[in-house]
Amino acid sequence: MTAMQPGEQRDEVEMLSLMLLIRRFEERASQQYQAQKIGGFCHLYIGQEAVVAGAVAAVRDDDYIITAYRDHAHALARGTSANACMAELFGKETGCSRGLGGSMHFFNRQNHMYGGHAIVAAHVPLAVGLAFAIKYRDEDRVTLCFFGDGAINQGSFHEALNLAALYKLPIVFICENNLFAMGTSVKRSTSLKQIVDRAEGYDIPGEIVDGMNFREVRDKIAEIVSSIRKESHPAFVEVQTYRYRGHSMSDPASYRTKQELEKYRLDDPITRLRAQLTREGKLTHEQFDLLDKRAKETVLASVKFAEESPQPPLDKLYDYTYANGANS
Amino acid sequence: MREITYRQALNEALAEELERDPNVFLMGEEVAEYNGAYKVSQGLLERFGPRRIIDTPISENGFAGLGVGAAMVGLRPIIEFMTFSFSLVAFDQVVNNAPNMFTMSGGQFNIPITFRGPNGPAHQLGATHSHATENLYASVPGLKVCTPATPRDAKGLLKTAVRDNNPVLVLEAELLYSSKGMVEPPDEELLIPLGKAEVKREGSDVSIICYAQTVPLALKVAAQLEEEDISAEIVDLRSIKPLDEKAIFDSVAKTHRVVIVEQDHPFCGVGAEVCYRIQKSVFDELDAPIIRVSQEDVPMPYNERLERAVLPNADKLIAAVKKVCYA
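Each value, and the rule that gives it
- Residues numbered from 1 in each chain as written.
- Chains lettered and ligands numbered in written order.
- Predicted model: local features only at pLDDT ≥ 70, side-chain atom pairs only at ≥ 80, totals over all residues.
- Heavy atoms only, no water.
- Helix = DSSP H or I, 4+ residues; strand = E, 2+ residues; numbered from the N terminus.
- Buried < 20%, exposed > 50% of the residue type's maximum accessible area, 1.4 Å probe, protein only.
- Lys, Arg positive; Asp, Glu negative; His and termini not counted.
- Salt bridge = Lys/Arg side-chain N within 4 Å of Asp/Glu carboxyl O.
- Polar contact = N/O pair within 3.5 Å; in protein donor to acceptor, adjacent residues only side chain to side chain.
- Core = buried A, V, L, I, M, F, W, Y, C linked by side-chain atoms within 4.5 Å.
- Domains from an automatic or database assignment.
- Contact = heavy atoms within 4.5 Å.
- Buried area = accessible area lost by both parts, 1.4 Å probe.
- Nonpolar A, V, L, I, M, F, W, Y, C, P; charged D, E, K, R; others polar.

Undergrad: Teacher, can you tell me more about the side chain of Arg256(A) here?
TA: Residue and element names in this part refer to chain A. Within the secondary structure, arginine 256 sits in the loop between strand 8 (234-240) and helix 10 (258-265). One buried charged residue, arginine 256, forms no salt bridge at all, with the nearest opposite charge on glutamate 260 at 5.2 Å. A polar contact of 2.7 Å, which involves the side chain of arginine 256, links it to the backbone oxygen of tyrosine 244.

Undergrad: How should the nonpolar core be read in this particular structure?
TA: As a rule of thumb, nonpolar side chains are buried together in soluble globular proteins. Residues Phe132(A), Phe147(A), Phe173(A), Phe236(A), Phe115(B) and Ile278(B) are the most contacted members of the largest nonpolar core, which totals 87 residues. The element contributing the most residues to this core is helix 5 (residues 123-136) of chain A, with ten residues. The two domains that each donate at least three residues to this core are domain 1 (2-183) and domain 2 (198-324) of chain B. With residues up to four places along the chain from it excluded, the contact list for Phe236(A) reads Phe147(A), Phe157(A), Leu161(A), Phe173(A), Cys175(A), Ile195(A), Val196(A), Ala199(A), Ile204(A), Pro205(A), Gly206(A) and Glu207(A). Membership of the second largest hydrophobic core comes to 63 residues, among which are Val51(A), Ala73(A), Leu89(A) and Leu144(A).

Undergrad: Which parts of the structure should I look at to understand the interface of chain A and chain B?
TA: Think of interface size as the accessible area that goes away when the parts come together; that is how it is often given. Taken together, the 37 residues of chain A in the interface contact 49 residues of chain B. Of the roughly 3500 Å² buried between chain A and chain B, counting both surfaces, carbon and sulfur atoms make up 62%. The interface formed by chain A and chain B contains zero salt bridges. For the interface between chain A and chain B, the tally reads 19 residue pairs in polar contact (both at pLDDT 80 or more). For the side of chain A that touches chain B, the secondary-structure elements that each account for two or more residues are strand 2 (113-116), helix 5 and helix 6 (155-166) of chain A. Among the elements that make up the side of chain A that touches chain B, the one with the highest residue count is helix 5 of chain A (eight residues). Looking at the side of chain A that touches chain B residue by residue, the classes come out as 21 nonpolar, eleven polar and five charged.

Below, the structure is given as structure tokens:
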């Protein structure tokens, strides 16, 4: 992606292309996981693509983003190559975390992607720290902090929201509400009727956004970010979305009905943006097919790259425990 | 050199590092307007202002995590825990976020953060407020842990910790805040390296290995033993991690008898690690089995007499020394 200037809007065809890349990447990751090329846990983002695409389209490249463990899409959205992402899943040295992080710990310092964090809600205080640093240095950046609906009942989430409100920090808390924390529905985990009301408890303005609609996500977050840049404050967005797959690769998602899944599939975020663009004469069927073909090729090439990449060397095992210094 | 308290020494270290580096800030409960629960941050708000001396709500997990996040983008936070007993509320941030980030990101994010505050049993605070956390934290790869026992070490180690590019825990000795000692004048830069022990007293018959609150205890015992013609060498570890094996082994090679006096619990305590390393590397130097003196393996009772029974004391230490000396 090209660097974006303040106030400029990202090209929507480019963002559709990103959403396709995310979907094809996740499909291929699923296949490679089943082929046992990928170890550990692997959480797929399929169905939620419009959330991260809309959010990054609303901010500058130098704004900070940080997320939980369903993080492949956020790394890709921040310009991490499919090669580096797939290689990370394969545990290779060419991965975006040198094969030391794995699926749940993708990082890209250069592009301001601050992880990839696997303990539910433990990164929300980190996000507040990123926002604290922005204000401390009197910069006009904003932090976008993504998390799932499962995070909102964790203590660190509440402590972090209170601190952000107290110190008036420039941060957007983006709750990707996909209705299930692993297998537990929001209804069974949260005492509130709607998640966004959590924000009210901390005097933080909150909004609900349709997470299957790229444009709505982008426009709402752009509006919030513009307000934050004028005068630093936290904000909360509940983005209502849906994951088509289980919580992780090992989850058949038997806690929900086929009908429910089908209902959301009919509202697919990629199909929706494609239809909008086609209707407006900005995208032909041929162009779409070409974008999809390119996404598939990029991902296929990333598998080859990952397979051919070297393992992290054994003799560097102790090199990443302490910075600039020997171990005890 | 002039004589100042341990508390003043820490205060000087904070002020000097805040003065030196604009990326350094101090955050914690009551650090600013209240001047610190133990007055370690006395006067700092007035001098450096509310941007850099920051009071927090009672949210240890929240502000410890805030510090780690700020460190990811190059600030150098000093996070004060009112006591390290409360750091357990932030265990996830100190243990799972701060030290793992450098590895998990493939070396992209080091975390230059200092966690500091009083640690170890004080006096009749009961089980929840008496934790000695050094063995918990020292067992975590990616953390560094130091335990100053004197004003000079407190100042020099804290300053070094703030400049380190990794998460460092400065476990201050709660009972020693008012103790006094000689320290270089303020215009003389005092940096004491992490991972360097110091022989606080030379001796030839037995090595007493100690740290933090057990250092003054060991020194007192050494004076008493002198009267009985037992010459004790006092090795103050100063840092638990990295551990100064060389200083330990040198002393063992000199005295051939070892007592470890620690302020934590016996099971998986600091002394267990020191003991293992001695027998592994300098077994032939030993003339007697090593003895550890630690807390009893119980939650701390409130009752004063029982608390005394739980803690290491002079009688227990003298008995241990006599046993290894076959005296």
